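Letter by letter, the chains look like this.
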Amino acid sequence: MGALSGLLAAAAALGTGELLSGASQKIPSLVLGVAGVFVDETPGGIVRWSIDTFGARQKTLLVTGVVIACLLLGALFGILSRRSRAVGPIGFAAFGVIGGWAAAREAQSSDFLSWLSAFVSVGVGVAALTVLLAKSASERVRPGPDVADPDGPTTMSRLSLNRRGFLLASGATAAWAVVGTGLGRRLRQSANVAAAREELAPRLATGPVIVPAGVETFDKSVRGVSPIITPNRDFYRTDASLLLPQVDPDDWSLRITGMVDREIELSFEELLAMERIEEFITLACVSNEVGGDLVGNAYWSGVPLPALLQLAGVSAGASQIVGRSVDGWTAGFPTELALDGRPSMVALTMNGVPLPVKHGFPARLLVPGLYGYVSATKWLKEIELTTWEAFDGYWIPRGWAKEGPIRVQSRIDVPQSFATLKPGRTAVAGVAWGPARSISRVEVQIDEGPWLPARLSGALSVNAWVQWVYEWDAAPGSHFISVRATDGTGETQTAKRSRPDPSGATGYHSINVDVK
Ligand SMILES: Nc1nc2c(c(=O)[nH]1)N[C@H]1C(S)=C(S)[C@@H](COP(=O)(O)O)O[C@H]1N2
Ligand SMILES: [Mo]
């Protein structure tokens, strides 16, 4: 029990250090700090050399080694504490001095915070050790650890109660170690990624994200209509990731695999060196209900997908392109769509800044005209060429259509449904989208009246939504207003209502208003 107590206490101390290191960039991980000492201070730089040669795995090995050494030493302190109570605190304090010193010598760290972190970690370790040793001692139900009397006076119930106490305490200690380590790592990683993203910003800057001269919008003239460019903070998010993947571009690469002439792997730097395109593209989620807000329009830039495919050389018969994310999510679409001239891309920026983490940093796929679930793989790490039959993306076996063209749709933003309006001139307005084929017409129907043409804003691109407005002379009474759009190919939205699954909701968006 002494060994287990010591080991768990050491784990709790390490976990505390990890947790604290997640709280601020100025507090390095004690473990990484110690590993860093080995890297820098071994004679002849042996460790540095082997990391340069063998890469990240070597570093993982080194860190694992440091952790195991700490745990074993903790176990040893636990055993020795049986003889002398002082061994635990002294041993842990020695740990702390090494950890604090190692952390403080790291370049970005604050000396004070490094030492504080070591001090707190040691405190947690000693406290855990004390509690665990006390519980394990009473579990043996002896007056003291040195009295050997296996048949001491006790009852079964007393014994099991004490055993439970030790189990609970050790379970809590282990949980603290695991949670602290996990949370600390995660916080540290997301801080690293945020910093990397910030650093990339100037290199990835696009042209200014502004509405080009000559494109009329209703941003200022019509109150309540969706802005023609959706700000990143308002852009909808859908994904199957519980924890946002935190991808450091330095540890990332994009592979192009499968039915290609040569499989290739590009670092982020290599991707950056390629020519980029920029385009306004409206992205929609297939789960969007009629009138829903899982749709947005942004200015994206990235490396054209055809250029990447050309580097790898697409084999004849490779009829499907599958994007795979770092966490294993997949989406597939027909190869011909990537090559038919639409600006499909591996996007690196959104509205002029590096992709926000929740929108796929550092790279995502975008194929204008396709719902996100078949195309827009965020946190992209691999593009695989295969056949249409050979693979189904993440959502396909879950009941969604294999092909996912975005349906032509329109939405009333203003007035809101069930609003009460004053009689007279009122702007009825919203957005309409049919990415890859533009919008040619939007019409509004009041009650059972005829379909009346709405006025359209300019179009940012054939892949972007448009705003529309209908100046309505509202007469008193209760009214029912509907909208429908027609795309550039002449296809008008169907009136038939259908649910989002399996291939996108259909039907007109309608609202009720009272005029009085
Ligand atoms: N890695 C990954 N990429 C993903 C998804 C996902 O769950 N995981 N969801 C997709 C879906 S269903 C949509 S609609 C779009 C949404 O992109 P956004 O969150 O940037 O708006 O991302 C797509 N890309
Ligand atoms: Mo989606």
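Computed from a prediction, not measured in an experiment: that's the story for all the values here.

Cut-offs used in this document
Residues numbered from 1 in each chain as written. Chains lettered and ligands numbered in written order. Predicted model: local features only at pLDDT ≥ 70, side-chain atom pairs only at ≥ 80, totals over all residues. Heavy atoms only, no water. Helix = DSSP H or I, 4+ residues; strand = E, 2+ residues; numbered from the N terminus. Rg over C-alpha atoms; globule rule 2.2 N^0.38 Å. Buried < 20%, exposed > 50% of the residue type's maximum accessible area, 1.4 Å probe, protein only. Contact = heavy atoms within 4.5 Å. Areas by Shrake-Rupley, 256 points an atom, 1.4 Å probe, with all protein chains shown as cover. Lys, Arg positive; Asp, Glu negative; His and termini not counted. Charge placed at Lys NZ, Arg CZ, Asp CG, Glu CD. Pairing = 2+ DSSP bridges. Phe/Tyr/Trp six-rings, centres within 6.5 Å; stacked < 30°, edge-to-face > 60°. Patch = residues over 30% accessible without salt bridge, like charges linked within 9 Å, V, L, I, M, F, W, Y side chains within 5 Å. Salt bridge = Lys/Arg side-chain N within 4 Å of Asp/Glu carboxyl O. Near = heavy atom within 4 Å. Polar contact = N/O pair within 3.5 Å; in protein donor to acceptor, adjacent residues only side chain to side chain. Nonpolar A, V, L, I, M, F, W, Y, C, P; charged D, E, K, R; others polar.

Caption draft 1: Inspection of the overall build of the chain at higher detail. A count of helices and strands for the chain gives 11 helices and 19 strands. Its C-alpha atoms give the chain a radius of gyration of 31 Å, clearly above 24 Å, the size a compact globule of 516 residues would have. Taken along the three principal axes of its C-alpha coordinates, the chain extends 100 × 60 × 45 Å. Counting the 516 residues in the chain, one finds 51% classified as buried. Taking contacts inside the chain between residues at least 6 apart in sequence as the whole, the part at least 24 apart equals 74%. Surface accessibility of the chain: about 24100 Å² in total, with carbon and sulfur atoms responsible for 59%. The distance from the centre of the 46 positive side-chain charges to the centre of the 47 negative ones in the chain is 8 Å.

Caption draft 2: A look at the pairing of strand β3 (residues 277–284). β3 sits mainly inside the fold: 6 of its 8 residues count as buried. Direction of pairing for β3 relative to strand β4 (residues 295–304): antiparallel, over a ladder of 8 bridges. Its bridge partner being in β4, Ala 284 is matched across the sheet by Val 295.

Caption draft 3: The arrangement of the packing of aromatic side chains in detail. With the rule as written, the count across this model stands at 13 aromatic pairs. Here the aromatic rings of Phe 235 and Tyr 236 are separated by 5.4 Å at their centres, their planes lie at 20°, and the arrangement is stacked. Accessibility classification places Phe 235 together with Tyr 236 in one group, the buried group. Aromatic side chains Trp 433 and Trp 465 sit 6.2 Å apart centroid to centroid with 50° between the ring planes, which places their arrangement in the tilted category.

Caption draft 4: Just unusual backbone geometry, in detail. Between Phe 361 and the following residue, Pro 362, the backbone shows a cis peptide bond with an omega angle of 10°. Examined against the element boundaries, Pro 362 turns out to sit in the loop between β8 (353–354) and β9 (364–366). Backbone geometry at Asn 351 places phi at a positive 50°, although glycine is not the residue there. On the secondary structure map, Asn 351 appears in the loop between β7 (345–350) and β8. Positive phi values are uncommon outside glycine, yet Ser 438 reaches one of about 60°. Its location among the elements puts Ser 438 in the loop between β13 (424–433) and β14 (439–446). Ser 438 sits in the partly exposed class, given a relative accessible area of 21%.

Caption draft 5: Seen up close, a negative patch on the surface. A surface patch of like charges, here negative, comprises Glu 198, Glu 199, Asp 250 and Asp 251. Residue position: Asp 251 is located in the loop between α7 (156–204) and β1 (253–258).

Caption draft 6: Main features of the sheet that holds strand β11 (residues 409–414). Reading across the sheet, the 4 strands line up as β11-β13-β17-β16 and stay open at both edges, with antiparallel pairing between neighbours. Both outer strands of the open sheet, β11 and β16 (455–456), are each paired with one neighbouring strand and no more. Looking at chain direction, β13 and strand β17 (residues 466–474) are connected through 9 bridges and run antiparallel. The partner of Gly 430 across the bridge, within β17, is Trp 468.

Caption draft 7: Here's a closer look at the site of ligand 1. Taken together, 18 residues sit near ligand 1, with Tyr 236, Ala 240, His 359, Arg 364 and Lys 378 positioned nearest. In this structure, Ser 325 approaches ligand 1 through a side-chain N or O atom, which is 3.5 Å from a nitrogen atom. In terms of residue class, the shell around ligand 1 is made up of 9 nonpolar, 5 polar and 4 charged.

Caption draft 8: Layout of the pairing of β1. Pairing of β1 with strand β2 (residues 264–267) involves 4 bridges; the strand directions are antiparallel. Each bridged residue has a counterpart across the sheet, and for Arg 255 the counterpart in β2 is Glu 265. In sequence, β1 turns back onto β2 through a hairpin of 5 residues.

Purely spatial values, then, with no claim about function.
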